[in-house]
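Coordinates in review
Residue-level listing of the chains:
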Amino acid sequence: MTHSYFIPRKRFGQHFLHDPNVIRHIVDVIAPAKNQHIVEIGPGLGALTKHVLPIVQCLEAIELDRDVIPELQTACKDLGKLTIHQADALRFDFAQLTKKKADLRLIGNLPYNISTPLIFHLIKYAALIKDMHFMLQKEVVERMAAEPGDDAYGRLSIMVQYYCQVHYLFTVKPGAFKPPPKVDSAIVALLPYGELPYKAHDEILFADIVREAFNHRRKVLRNSLRPFIDNDLWPKLSVSPEQRAEELSVQDYVNITNTLRA
Ligand code: SAH
């Protein structure tokens, strides 16, 4: 496959997969099956699409760059029914695609320049999603999978792990892409929980507390969470006011939220 007649665009984060072994490995871990509701984000010229579409026979794709779409359509004609939504995935309403719970399987070699905001956008639809398999910068996957005490642990880890099980699947080197990105990449599987293991009664407050705590990562919680937690409330909580944001688990943040709302 050559892309000589299409110049990848930096502003769309275009790094097209071209290593056939890596592509096969990704398709293997996605394990598509006929009639599943698969939605690909950023199909580009179809490196993954061409392999998944013939299996599922019917695929939806969300692509922002209208200039890749004719070539994508050509690459996929005769392989199945491809529905392309020319749209910004960051603003796309995934609820328009299904009414069923745990229905959508999201896949994609994502544009790295928008990966964190995109993940925050997607977790809003966690209830409708069966699973997600994405290629991202390795560092972002490490942040999603990190546990309390890890350097990479932060707001992204907590917000993703609140909704999903996170599995770091494998690392992909820059040479698998054209043009090669400057960073290593990794494939991650995100599996939304059917029933949340720790449920915040007020998810907006939960998100606000997590954000505030990590805005002041180095401060002790007594100081960073002062806007939320009065001094006399600390004895009721299972964590100490001398701890820092990065030491608390998802469960700890949920407990704080639910104590404040009790
Ligand atoms: N999946 C392809 C392309 C990956 S590059 C492959 O592996 O070869 C990332 C793709 O995401 C590009 O096609 C780019 O045009 C698209 N893209 C960039 N920003 C986007 C956005 N906001 N919404 C949807 N697609 C976007």
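Residues numbered from 1 in each chain as written. Predicted model: local features only at pLDDT ≥ 70, side-chain atom pairs only at ≥ 80, totals over all residues. Heavy atoms only, no water.

**Observations regarding the site of the ligand**
Residues in close proximity to the ligand total 21 residues, the closest being Q14, G42, E63, D88 and N109. Across the complex, the protein chains shield 98% of the 570 Å² of accessible surface that the ligand would expose by itself. Contributions of two or more residues to the shell around the ligand are made by strand 1 (16–17) and strand 3 (58–63). Classifying every residue of the shell around the ligand by side-chain character gives 11 nonpolar, 6 polar and 4 charged. (Near = heavy atom within 4 Å. Areas by Shrake-Rupley, 256 points an atom, 1.4 Å probe, with all protein chains shown as cover. Helix = DSSP H or I, 4+ residues; strand = E, 2+ residues; numbered from the N terminus. Nonpolar A, V, L, I, M, F, W, Y, C, P; charged D, E, K, R; others polar.)

**Describing the domain arrangement of the chain**
Interface size, as often reported, equals the accessible area lost upon joining of the parts. When cut into domains, the chain gives domain 1 (3–192) and domain 2 (203–261). Between domain 1 and domain 2, the C-alpha centre-to-centre distance is 33 Å. Taken over both partners, the interface formed by domain 1 and domain 2 buries close to 1000 Å², and the fraction arising from carbon and sulfur atoms is 67%. The three residues of domain 1 that bury the most area against domain 2 are R155, I158 and Y162, which together make up 50% of that side's buried surface. Linking domain 1 with domain 2 are 0 salt bridges, by the criterion used here. At the junction of domain 1 with domain 2, the criterion picks out 4 residue pairs in polar contact (both at pLDDT 80 or more). (Domains from an automatic or database assignment. Buried area = accessible area lost by both parts, 1.4 Å probe. Salt bridge = Lys/Arg side-chain N within 4 Å of Asp/Glu carboxyl O. Polar contact = N/O pair within 3.5 Å; in protein donor to acceptor, adjacent residues only side chain to side chain.)

**Considerations on the packing of aromatic side chains**
Given two aromatic rings, their pairing is described by the distance between the two centres and the angle made by the two planes. On inspection of all chains with the given rule, the structure shows 7 aromatic pairs. Both rings, one in Y162 and one in Y163, keep their centres 4.7 Å apart while their planes meet at 85 degrees; by these two values the pair is edge-to-face. The burial state of Y162 is the same as that of Y163; both residues are buried. Ring centres of F214 and Y253 lie 6.2 Å apart, and the angle between their planes is 40 degrees; this geometry places the pair in the tilted category. Taken as a pair, F214 in helix 7 (residues 203–215) and Y253 in helix 9 (residues 250–261) lie far apart in primary sequence, 39 residues in all. Here the two residues F214 and Y253 agree in accessibility, since each one is buried. (Phe/Tyr/Trp six-rings, centres within 6.5 Å; stacked < 30°, edge-to-face > 60°. Buried < 20%, exposed > 50% of the residue type's maximum accessible area, 1.4 Å probe, protein only.)

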